[in-house]
Amino acid sequence: MKMRLRETEGMDLILKKKFGFLFVLAVLVMVLTAGCGSEKKAGSRPEEKALPPLVVGVMPDVDSLPLIFAWELGYFKEEGVEVKIEQFKSAVDRDAAIQAGAVDGAVSDMLAVAFFREGGIDVKITSLTNGNYQVIGAANESAGTMKELAGKDIAISRNTIIEFVTDNALAMEGLTAESVNKKAIPKIPARLEMMAAGKLAAATLPEPIASMAIKNGGHVIADAADMGINPGILMFTGKAIKEKKSSIAALYRAYDRAVKYLTETPAGEYMQTVIDKGGFPAAVKDGITLPKYQAASMPSERDWQLCQKWLLDKKLTTKMLEFKDVTEDVSAK
């Protein structure tokens, strides 16, 4: 009996020593593993926080195409930002969305920025866009210059970028804004119809509608690009710039990639997408003239001052705003 007790006690001692050793070994392994894990964590790149999403308003114009293609080609996703493209048919609807806070930013123009700031709405210009506006003579109109249009009917939309371009085209030929009979026709299709019916000598139109008018027999009388005027811009609200600056920078990285695609790819390869996604009429497909797109950059202070002076002269705004106060470079550069 005593022999068995001694054997049992011996076995217990052996087991205790064995499990004690295993316990110490396990603790040592845990300590070493934890140390390695801490070392790896300290040396690894921390997880990037997801960027806040953006909602951006676009119009059926060529200025909006880089944003549309950035979405279509998946560049926004690749740059790590979720962007919803909201398409508007009119500037009125777009501006209402900005006022309501339904969009973070939009393709617009300098005049709209001035109107917003006059009304106490905080928006800023973050880059220029590449679009164009032209004064197009009707197919049956012989006038080839603004001087030859003197006293004739020209269709515009009042107190807009369209009228601004028209007045500047007149001024460059030494004429006043009253030198022509400006007919307020807000809806662009109506302008085209009246020109086709011979009821107007000319109309000021944005691209791609200007190309459509030319295809229908019209001719260019004045061109904003030739005049060195580019009032088209991309703007964001002050709130979006403050809270989503990294998202906007990512958007511009995608924007620049889309510009590279549009400039390096033959137009025939993506023209159907321009029609389908840009909101353009199918009739412009074979005659549309796309601008020479450029990577995101800030507009010129000269263009801002031209817009400001025009607005003040027409008493549409009451104060001159400094360029530095209405611009914010939030691009990736």
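Residues numbered from 1 in each chain as written. Predicted model: local features only at pLDDT ≥ 70, side-chain atom pairs only at ≥ 80, totals over all residues. Heavy atoms only, no water.

(A) Expanded view of the overall build of the chain. Along the chain, the regular secondary structure elements total twelve helices and ten strands. Counting the 333 residues in the chain, one finds 45% classified as buried. Residue pairs at least 24 apart in sequence account for 80% of intrachain contacts in the chain once pairs closer than 6 positions are excluded. (Helix = DSSP H or I, 4+ residues; strand = E, 2+ residues; numbered from the N terminus. Buried < 20%, exposed > 50% of the residue type's maximum accessible area, 1.4 Å probe, protein only. Contact = heavy atoms within 4.5 Å.)

(B) Local environment of the sheet that holds strand β4 (residues 123-128). Within the open sheet, the five strands sit side by side as β2-β1-β3-β10-β4. Their pairing is mixed. Two strands bound the open sheet, and with one partner strand each, they are β2 (83-87) and β4. With direction set aside, neighbouring strand axes in the sheet form an average angle of 30°. One ladder, built from five bridges, connects strand β1 (residues 54-58) with β2; its direction is parallel. Its bridge partner being in β2, V58 is matched across the sheet by Q87. (Pairing = 2+ DSSP bridges. Axes fitted to C-alpha atoms, helices over the stretch in contact; angles between N-to-C directions.)

(C) Broad picture of the packing of aromatic side chains. One pass over the structure, following the stated rule, counts five aromatic pairs. For the ring pair F164 and W310, a centre distance of 5.7 Å and an interplane angle of 80° mean the geometry is edge-to-face. Within this pair, whereas F164 is found in helix α6 (residues 161-171), its partner W310 is found in helix α12 (residues 301-313), the two being separated by 146 residues in sequence. For the residue pair F164 and W310, the accessibility class agrees, reading buried in each case. (Phe/Tyr/Trp six-rings, centres within 6.5 Å; stacked < 30°, edge-to-face > 60°.)

(D) Quick look at the confidence of the model for the chain. Model confidence for the chain is summarised by a mean pLDDT of 86, while 85% of its residues fall at 70 or above. Taken element by element, the predicted model of the chain shows its lowest mean pLDDT in helix α1 (residues 2-43) (41) and its highest in helix α3 (residues 75-78) (98). Note on residues 1-47: pLDDT under 50 across the span, and zero contacts to partners over four residues away in sequence or across chains. (pLDDT = per-residue confidence, 0-100.)

(E) Representation of unusual backbone geometry within the structure. The peptide bond linking E207 to P208 adopts the cis configuration, its omega dihedral lying at 10°. With respect to the helices and strands, the residue P208 is situated in the loop between β8 (202-206) and α8 (209-215). A positive phi is found at N159, a non-glycine position, where the angle reads about 55°. If you trace the backbone, N159 turns up in the loop between β6 (153-156) and α6. Although it is not a glycine, K315 adopts a positive phi angle of roughly 60°. Along the polypeptide, K315 turns up in the segment after α12. Taking relative accessible area as the criterion, K315 reaches 72% and is therefore assigned exposed.

(F) Examining the environment of E173 more closely. Tracing the backbone shows E173 in the loop between α6 and β7 (181-184). Between the C-alpha atoms of E173 and K147, which are 26 residues apart in sequence, the distance is 6.7 Å. Residue contacts for E173: discarding those within four places in its chain leaves T145, M146 and K147.

(G) Representation of helix α11 (residues 271-278). Along α11, the residues classified as buried are M271, V274, I275 and G278. Along α11, the residues classed as buried sweep out an arc of 100° about the axis, all on the same side. Lining the buried residues of α11 we find α2 (65-72) and β2. Downstream of α11 by one or two residues, G279 has phi in the positive range, about 75°. (Arc of directions from axis to C-beta.)

(H) Molecular detail of the pairing of strand β3 (residues 105-109). Counting buried residues along β3, five of its five residues qualify, which places the element largely inside the surrounding structure. Going residue by residue along β3, you find G105, V107 and D109 tucked away on one face and A106 and S108 tucked away on the opposite face as well. In this structure, β1 lies alongside β3, joined through two bridges in parallel fashion. Along β3, the bridge assignment pairs V56 with G105.

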